[in-house]
Amino acid sequence: MARSTRTLLVGLAVVGAGILLAALRVNPYVYFAGYVILQYVVIATAWNILGGYAGYVNFGTPAFFALGAYTAVFLIQSTRAPLPVLILAGGLVSGLLGLGIGYLTLRLRGVFFSIATLALSIVLQTMIINWEYVGGSRGLSVIRPSGPPFGSYVTFLFAVMVLLSVVAVTVARFIERSWVGRGLAALRDNEEAAECMGVPTLRLKLFATTVSGVLLGVAGAPFPYYVTFVEPTSAFNLDYAVNALAMPMIGGTTSWVGPVIGAVLLGTAQQLATVTISSEMNLFIVGVVLVAFVVLAPEGIVGLVRRVRGR
Amino acid sequence: MAPALLEVDGLTKRFGGFTALNGVSLDVTPGERFGLIGPNGSGKTTLINCVSGALPADGGRIRFEGRDITAVPAHRRTRLGIVRSFQIPKPFTSMTVAQNLAIPLEYAAGARSDGADVAAEAMEILSTIGLESKAHTRPAGLTQIEMRKLELARAMAAKPKLLISDEAMAGLSSAEIDDILAILFRLNERGITIIMIEHIMRAVMRFSERIVVLDAGERIAEGTPDAIVRNPVVEKAYLGE
Amino acid sequence: MVAGLLLGGFYAAVSLGVSLIFGLLDIANIAQPAFVILGSYAAYVMNRSFGLDAILTGLLFTPVFYVLGAVVYRLYYESFERRGEESLRGLVFFFGVLFIIEVSLSLKYGVDYRLVEAAYIGKSIDLGGVGIAFRLLVPCLVGLAMTLALHLFLSRTFYGRAVMAVSQDRLALRLMGADPVRIKTIAFGVGIAAASLAGALLITIAPVVPSTDRDYIGRMFAITVLGGMGSIAGTLVAAVILGVAESLMSTFFGPSWSLAVSFGILLVALAVRPAGLLGR
């Protein structure tokens, strides 16, 4: 009980600090970049619930993210629904897609699952491109609602993203430490043996794909208001797929800290590189760092730290 | 004869055009030491896969403690008390030996409440099987015999009523075989029914009270080890014409 | 319809490498399309600087790509396969390689469309009232030749048969007296070498940007899975089916839908029939 209270307090403190930072009104670019980094904290954490804990590598991150974003676009177009509704709806729709992907795991494992998720992403993108109501291939301008509760709209979105990352990390941490997390680890190691040892593998996989989908959708839902112009190429950007797996791989996949470390390090580096060098160069760095880590430090930074401490 | 613990009735399994099991029936009574033998490809492993729920049957029924479990998923059968070990050990590689046992303790035996209890029980099982010194090692650091013992220990942690041991002794030395046999005898004394699938005749003959022989997906003989050894049909199946 | 058939021959050429590497060796090399694009850029550079024909360049570069493939496989083998961690991290590894190649190309050559010039590109011949562009015909014929060559390699040569053995039975391989790692290195090299030629064909058919590889991931794997994982004949059949399906889709619904066809077929193929069309 004491531990969960402490977790709650830490979470509240982070949210409080975020809001405080938002209220301080430092250089607006800080919020702008901070939003992206936090968005990656949510994405990396969500990816890791399926990829790191359950061992199913999802290449279709952009599909879930964009589905959240486009659910929001649809609702903005049709009802001008408020932001919390957009976030909930985005999470719900992406979560349903996650549930569907979960049933795919019945027949597809390993590489086949990964390729199927990639295929899903492209099919979904084609559908959006051909759907004029949400802008089609040309994209669509989104007008931010006037009068955010505090600060400018970007600082408000920044604070929202702080809250969402705290929620995502808390969920991941809870799963990791519960019997669900242990069951997922067992099925990651050997699905057949896990099932024979009483682990309801299908139910756990459905749970993991759904939760992962919900969180990815939640990360995408505020995106239209952040960029104010949504078009398929940016919403379905392959960078999301690469970052979503690179960040946990670099940080470490077996613990909730890993994706957070990875997202903050890589996210910050990318933000700096985009400003100082070029956006291509920053992606190049991501690729090289990713390959270097899977080859040289398969347990990520968390694993490196543990090894150093262990000796 | 006591009412059967496991009843397999007319079990059929096909893979494409190949019939792996053709209407196989057998009963296992509570507390029995039951041997299942047959040449390679005779359908032994398929039979176990169907009984444990890893494969769906194409025909026939499976009952456990009088209850029809033909459509019950594998993990629920484990909770009911049907537990198997794998021919090629399949440990959870990212966990220590003790943590390997915690999975079935938590999921199959229902010890979900307290972490300390699970750890203590895991240690207890490991000490009965002689693996307590390796409790905090990862499976990658185990020898062949230790790996087999882990496979058995993990099955024990699921609190089986019926333990299916799939070639737990293949490739072991004769002293190691005796070691595993002793463990299985001890489990049986505690009231656990055991089905042993084995190629090592010396071990099955010594262990089993009753043996069923499969050949090409059909049941060709049943009897005591002595009767099986003298059965000409069995001899023909093993040696060919 | 005819265009679809021709496209199919070309798709077969593109997918042969994946068929070999993923279908037979069971290595999830999703970076294959990036190697194809690399081949396209090699053809582009040689064509621009020396006026060399694209397909000839593709052929000339096969040894270079073979060595590149052998090196990549060795790295993969040492880092993952030998440690028994190939599935998950190996996949991520190739994803990273894909990304590095793609981004390197856009750093060097930018994101503009690049194309090659050759005398035959603009021409076409008339066959019974149907105009057939050489631009499509030549890649199709080269693709068919590659398919035949690979088939002969696998069925007639010692190394080819050893590759088939690797995919089926390790024991048989040992009886042949061959070292599996060496055989796999050779096969991987051949698969990447095929990408060099396929890349040259690609840039003959249409202009190329570094991110073109993304369009081909789905096609290649759809064809390989549909073709029955490593069956060369199956690859050809599946490639033609996909080519025809795409060009029909493109004619009736517009080109933006044609890409979805390959991925849609892939999804269905994966979900319904993992063994493929001509599968076991």
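As a starting point, this report considers the structure included with it.

Turning our attention to the overall build of chain B. Looking only at helices and strands, chain B has nine helices and 10 strands in total. For chain B, the C-alpha atoms occupy an extent of roughly 55 × 40 × 40 Å along the three principal directions. Across the 241 residues that make up chain B, the buried fraction comes to 53%. Restricting the contact set of chain B to residue pairs at least 6 apart, pairs at least 24 apart contribute 65%. Looking at chain B, you have 28 positive and 29 negative side-chain charges, and the mean spots of the two groups are 4 Å apart.

Attention shifts here to the interface of chain C and chain A. The partner chain A presents 39 residues to the 39 residues of chain C that form the contact. For the pair chain C and chain A, the summed buried surface comes to about 3600 Å²; carbon and sulfur atoms form 83% of the total. The interface formed by chain C and chain A includes zero salt bridges. The tally of links from chain C across to chain A stands at zero residue pairs in polar contact (both at pLDDT 80 or more).

Quick look at the pattern of salt bridges now. Between side chains of opposite charge, a pair can form as their charged atoms come close. Per the counting criterion, the structure on display carries 21 salt bridges over all chains. Arg219(C) is paired through a salt bridge with Glu246(C); the nearest N and O atoms lie 2.7 Å apart. Here Arg219(C), found in helix α9 (residues 213-226), pairs with Glu246(C), found in helix α10 (residues 232-253); they are 27 residues apart in sequence, far enough to count as distant. The pair Arg219(C) / Glu246(C) is uniform in exposure class, with both members buried. Each member of the salt-bridge network shares a partner with another, and the members are Glu32(B), Arg210(B), Arg219(B) and Glu222(B).

This part covers the pairing of strand β8 (residues 193-197) of chain B. Residues and elements named next belong to chain B. Of all five residues in β8, five are buried; the element is thus mostly enclosed. Burial along β8 is two-sided: the residues Thr193, Ile195 and Ile197 and Ile194 and Met196 are all buried. Where strand β3 (residues 33-37) meets β8, four bridges bridge the pair, whose relative direction is parallel. In the sheet register, Leu36 faces β8, and the bridge partner there is Ile197. Note that strand β7 (residues 162-166) and β8 share five bridges and pair parallel. Opposite Ser165, over in β8, you have Met196 as the bridge partner. Handedness of the crossover is the feature at issue here: the chain leaves β7, passes through helix α6 (residues 174-189), returns alongside β8, and the resulting connection is right-handed.

The grouping of Arg203(A), Arg67(B), Arg76(B) and Arg79(B) at the surface amounts to a positive patch. Relative to the elements of secondary structure, Arg76(B) occurs in helix α2 (residues 74-80).

The relative placement of two aromatic rings is captured by the distance of their centres and the angle of their planes. Overall, the coordinates contain 31 aromatic pairs over all chains when judged by the stated rule. Consider the rings of Phe94(C) and Phe188(C), whose centres lie 6.2 Å apart with planes at 20 degrees: the pair is stacked. Within this pair, whereas Phe94(C) is found in helix α4 (residues 86-109), its partner Phe188(C) is found in helix α8 (residues 180-205), the two being separated by 94 residues in sequence. The class of Phe94(C) is buried, set by a relative accessible area of 0%. We note Arg33(B) situated over the ring of Phe207(B); from NZ or CZ to the ring centre the distance is 5.7 Å. The side chain of Arg219(C) reaches across the aromatic face of Tyr216(C), ending 4.8 Å from its centre.

Below, the discussion takes up the interface of chain A and chain B. Opposite the 19 residues of chain A that make contact, chain B presents 23 residues. Between chain A and chain B, a total of about 1800 Å² is buried, with carbon and sulfur atoms accounting for 59% of that surface. Here chain A is connected to chain B by two salt bridges. For Arg182(A), the salt bridge identified is with Glu106(B), shortest N-O distance 2.5 Å. The tally of links from chain A across to chain B stands at 10 residue pairs in polar contact (both at pLDDT 80 or more). Of all elements in the fold, only α7 (179-189) and α8 (191-196) of chain A reach the threshold of two or more residues within the side of chain A that touches chain B.

Quick notes on the rules
- Along each chain, residues carry numbers from 1 onward, in the same order as the chain's sequence is written.
- Chains and ligands are labelled sequentially in the order written, the chains with letters from A and the ligands with numbers from 1.
- With the structure being a predicted model, the display of local features is reserved for residues of pLDDT at least 70 and the display and counting of side-chain atom pairs for 80 or more, all residues being used for whole-chain, interface and lining totals.
- Calculation of side-chain values draws on the structure's entire complement of heavy atoms; hydrogens and water are dropped beforehand.
- Strands here mean DSSP runs of E at least two residues long; helices mean DSSP runs of H or I at least four residues long; both are numbered from the N terminus.
- Each residue is assigned to one of three classes by its accessible area relative to the maximum for its type, calculated with a 1.4 Å probe on protein chains only: buried under 20%, partly exposed between the two thresholds, exposed over 50%.
- In what follows, residue pairs with any heavy atoms lying within 4.5 Å of each other are defined as contacts.
- Positive charges are assigned to Lys and Arg, negative charges to Asp and Glu, while His and the chain termini are left out of the count.
- Note on charges: their place is set at NZ of Lys, CZ of Arg, CG of Asp or CD of Glu.
- When two components associate, each loses some accessible surface as probed by a 1.4 Å sphere; the sum of these losses over both components is called the buried area.
- Think of a salt bridge as a Lys or Arg side-chain nitrogen and an Asp or Glu carboxyl oxygen that are within 4 Å of each other.
- N or O atoms closer than or at 3.5 Å make up a polar contact, with two conditions inside protein: a donor-capable atom paired with an acceptor-capable one, and, for residues adjacent in sequence, both atoms drawn from side chains.
- Two strands are counted as paired when DSSP detects at least two bridges linking them.
- We call a crossover right-handed when, viewed with the strands running away from us, the connection from the first strand over the helix to the second turns clockwise.
- Residues form patches when they are more than 30% accessible in relative terms and have no salt bridge. Like charges link within 9 Å. Nonpolar side chains (Val, Leu, Ile, Met, Phe, Trp, Tyr) link within 5 Å.
- Under the convention used here, a 1.4 Å probe and the Shrake-Rupley method define accessible areas, while residue burial counts only the protein chains that appear.
- Between rings of Phe, Tyr and Trp, where Trp is taken as its six-membered ring, a pair exists when centres lie within 6.5 Å; planes separated by under 30 degrees are stacked, by over 60 edge-to-face, and by other angles tilted.
- Comment: the charge-over-ring label is applied if NZ (Lys) or CZ (Arg) is within 6 Å of the ring centre and within 35 degrees of the ring normal.

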